[in-house]
Amino acid sequence: MTEATPGARPRAALAMSADAAAAVLDAESLAALGAICDLVPPPVLDDLTTPRARAVLADVDLLVTGWGCPPLDEAALAAAPRLRAVVHTAGSVRAHVTDACWERGIEVSSAAAANALPVAEYTLAMILLSGKEVLERARAYRAARARADWLRTPRTVGNYRRTVGILSASLIGRRVIELLRPHDLDVLLYDPYVTDADALGVERVEPAELFARCDTVSVHTPLLPTTRGLVSRELIGAMRPGAVLINTARGAVVDQEALTEAALAGRIRAVLDVTEPEVLPPDHPLWECENVLITPHLAGSQGNEWRRLAELAVAETARWASGAGFLHPVRRERLAFLA
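As recorded in an unreviewed UniProt entry, the chain goes by the name Hydroxyacid dehydrogenase, listed as coming from Streptomyces actuosus.

Written out as structure tokens, the structure is:
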């Protein structure tokens, strides 16, 4: 058992960049954490090798981590003999939770479930907007400054009975499927690990069929050694003319050279919240491609959405401190499937 002893107040510290702490943890969130545990006052731990950091680590039971948290490696853990749990205020824990944490039996929680919702909302918005060709038609309207003949709108425009493909039933992919349910859309899914596609209300297909049949393909695959370049030249080549590729996952999941060629040729459209590299070089042709929308990795939690991450972290801390255990644990055996 690594949960806190019921009735005891654990000692906790914040380990993340100062900017991350200021963004995610407002005064109310800090007060809520302080009501649960003895919270080490600022500054936050953004370097675990300093004398102050070593002194703090020597006395903590729990770390509340965030973007910019240094790796919790063997040296850091050696300085933290009492550390039993990590509550992460963001999604992926890969950058800071090391093998040494798992070998020590440290419990880990993540706010990935909370961060999945804004990404899914962004994806839904882009699916619907691209189905109506909003960006293209707005650009034409601005250029013409005249009323459009809407009764001559091509039948390829609109969202009725369009086919949407979801690449990976990840946390985000599943939230997108949920948000798509009220709409008159046909949804296909490719995920080799999913056996309950019927329960999700979608049709499971292989990648080639997904890309060939869909008007829009939305990528929600974590970047793993097995998924790098998964959206290959062949799959991009299978997309129907005018189809849309949406990527809110990681740029390296997509063969960007093949995507660039297809987009510049006007054969497909794309909505890219991530690219490879991120940011693209200033002279990259995708910046000027009119059928590509590039956004600055904004689909995830930002602005007032950070409050959702903080609330989940506070709730997880309270559960752990009470001995109830985490509601959103990260399991070592699941790491091969997580971002």
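Next comes the rest of the write-up.
**Student:** Would you mind showing me how to read the pattern of salt bridges here?
**Tutor:** Should their charged atoms come close, side chains of opposite charge can pair. Following the criterion strictly, the structure yields 21 salt bridges and no others. Its salt-bridge partner being Arg161, residue Asp186 comes within 3.1 Å of it at the nearest N-O pair. One end of the pair, Asp186, is in strand E7 (residues 185-190); the other, Arg161, is in the loop between helix H7 (134-144) and strand E6 (162-167), and 25 residues separate them in sequence. Between Arg233 and Glu261 there is a salt bridge; the shortest N-O distance is 2.7 Å. With Arg233 in helix H11 (residues 233-238) and Glu261 in helix H12 (residues 256-264), this pair connects stretches of sequence that are 28 residues apart. Taking the relative accessible area as the measure of exposure, Glu261 reaches 41% and is therefore partly exposed. Salt bridges sharing partners connect three or more residues here, namely Arg11, Asp59, Asp61, Arg82 and Arg84.

**Student:** Even after reading the chapter, I still don't get helix H8 (residues 171-180), so can you show me in this structure?
**Tutor:** Since the α-helix advances by 3.6 residues per turn, residues separated by three or four positions end up pointing in the same direction. Along H8, the positions that sit buried rather than exposed are Gly173, Val176, Ile177 and Leu180. Buried residues of H8, viewed axially, fall in a sector of 100°; they line one side. Contacts from the buried residues of H8 go to helix H6 (112-131), E6, E7 and helix H9 (197-200).

**Student:** For this particular structure, what's the right way to read the nonpolar core?
**Tutor:** Note on soluble globular proteins: their nonpolar side chains tend to be buried together. Ranked by internal contacts, the top residues of the largest apolar core, which has 29 residues, are Leu210, Phe211, Val231, Ile236, Leu245 and Leu259. Every element with two or more residues in this core is listed here: E7, helix H10 (207-213), strand E9 (216-219), H11, H12 and strand E11 (269-272). A per-element tally of this core places H12 first, with 4 residues. The residues contacting Leu245, other than those within four sequence positions of it, are Phe211, Val217, Val219, Val231, Met239, Val254, Leu259, Arg269, Ala270 and Val271. Grouped together as the second largest cluster of nonpolar side chains are 27 residues, Leu45, Leu57, Leu63 and Leu72 included.

**Student:** Looking at this model, I keep getting lost on the layout of surface pockets. Mind explaining?
**Tutor:** By volume, the second largest pocket is sized at about 240 Å³. Forming the boundary of the second largest pocket are 15 residues, of which Glu133, Thr156, Arg162, Pro241 and Gly242 lie nearest the centre. Residues belonging to the lining of the second largest pocket are distributed by class as follows: 4 nonpolar, 3 polar and 8 charged.

**Student:** Where do I start with the UniProt feature "domain: D-isomer specific 2-hydroxyacid dehydrogenase NAD-binding" (unreviewed entry) in the chain in this structure?
**Tutor:** Here the UniProt feature "domain: D-isomer specific 2-hydroxyacid dehydrogenase NAD-binding" (unreviewed entry) sits at residues 138-299. With 27% helix and 18% strand, residues 138-299 has end C-alpha atoms that lie 22 Å from one another.

**Student:** Can you walk me through the packing of helix H2 (residues 27-36) against helix H13 (residues 306-322) in this structure?
**Tutor:** Angle between the axes and distance between the axes: these two values describe a pair of packed helices. Axis separation between H2 and H13 bottoms out at 10 Å; the angle between their running directions is 5°. Regarding the angle of H2 to H13, the classification is roughly parallel. From H2, Glu28, Ser29, Ala32, Leu33 and Ile36 reach across to H13, where they touch Arg307, Ala310, Val314, Thr317, Ala318 and Ala321. Tallied by class, the residues present in the contact of H2 with H13 amount to 7 nonpolar, 2 polar and 2 charged.

**Student:** What's the story with the sheet that holds E11 in this structure? I'm lost.
**Tutor:** As a general point, the strands of a sheet are linked pairwise by backbone hydrogen bonds and lie either parallel or antiparallel. Taken together, 7 strands build an open sheet; the order of strands is E8-E7-E6-E9-E10-E11-E12 and the sheet is parallel. Each edge of the sheet is formed by a strand with only one pairing partner; in this case those strands are strand E8 (203-204) and strand E12 (292-294).

**Student:** Hey, could you run me through the environment of Met239 in this one?
**Tutor:** Its location among the elements puts Met239 in the loop between H11 and strand E10 (244-247). Along the chain, Met239 and Cys214 lie 25 residues apart, while their C-alpha atoms are 7.4 Å from each other. The contacts of Met239, once residues within four sequence positions are left out, are Phe211, Val217, Val244, Leu245, Arg267 and Ile268.

**Student:** It is not clear to me how the packing of aromatic side chains should be interpreted in this structure. Could you clarify?
**Tutor:** The way to describe two aromatic rings as a pair is by their centre distance and the angle between their planes. For the structure shown, the criterion picks out 0 aromatic pairs. Lying across the ring of Tyr160, Arg161 places its NZ or CZ 5.7 Å from the centre.

**Student:** Hey, could you run me through the side chain of Ser29 in this one?
**Tutor:** Position of Ser29 among the secondary structure elements: in helix H2. We classify Ser29 as buried; its relative accessible area is 4%. Beyond its immediate chain neighbours, meaning those up to four positions away, Ser29 contacts Val24, Arg307, Ala310 and Val314.

**Student:** Explain the domain arrangement of the chain here, please?
**Tutor:** For an interface, size is often stated in terms of accessible area lost upon the parts coming together. Once the domains are mapped, the chain shows domain 1 (11-105 + 303-334) and domain 2 (115-294). Each of domain 1 and domain 2 has a C-alpha centre, and these two points are 35 Å apart. With 4 residues of domain 1 at the interface, the matching set in domain 2 holds 5 residues. Taken together, the connections running from domain 1 to domain 2 amount to 0 salt bridges. Viewed at the interface, domain 2 and domain 1 are joined by 0 residue pairs in polar contact (both at pLDDT 80 or more). Classifying every residue of the side of domain 1 that touches domain 2 by side-chain character gives 1 nonpolar, no polar and 3 charged.

Cut-off values and rules
Residues numbered from 1 in each chain as written. Predicted model: local features only at pLDDT ≥ 70, side-chain atom pairs only at ≥ 80, totals over all residues. Heavy atoms only, no water. Salt bridge = Lys/Arg side-chain N within 4 Å of Asp/Glu carboxyl O. Helix = DSSP H or I, 4+ residues; strand = E, 2+ residues; numbered from the N terminus. Buried < 20%, exposed > 50% of the residue type's maximum accessible area, 1.4 Å probe, protein only. Arc of directions from axis to C-beta. Contact = heavy atoms within 4.5 Å. Core = buried A, V, L, I, M, F, W, Y, C linked by side-chain atoms within 4.5 Å. 1 Å grid on protein atoms, 1.4 Å probe; cavity = no way out; pocket = protein on both sides within 12 Å on 5 of 7 lines; lining within 4 Å. Points joined across faces, edges and corners; volume = space filled by probe spheres on them. Nonpolar A, V, L, I, M, F, W, Y, C, P; charged D, E, K, R; others polar. UniProt positions renumbered as here; feature names shortened; annotations may be inferred. Axes fitted to C-alpha atoms, helices over the stretch in contact; angles between N-to-C directions. Parallel < 35°, antiparallel > 145°, perpendicular 65-115°, else oblique. Pairing = 2+ DSSP bridges. Phe/Tyr/Trp six-rings, centres within 6.5 Å; stacked < 30°, edge-to-face > 60°. Lys NZ or Arg CZ within 6 Å of the ring centre and 35° of its normal. Domains from an automatic or database assignment. Polar contact = N/O pair within 3.5 Å; in protein donor to acceptor, adjacent residues only side chain to side chain.

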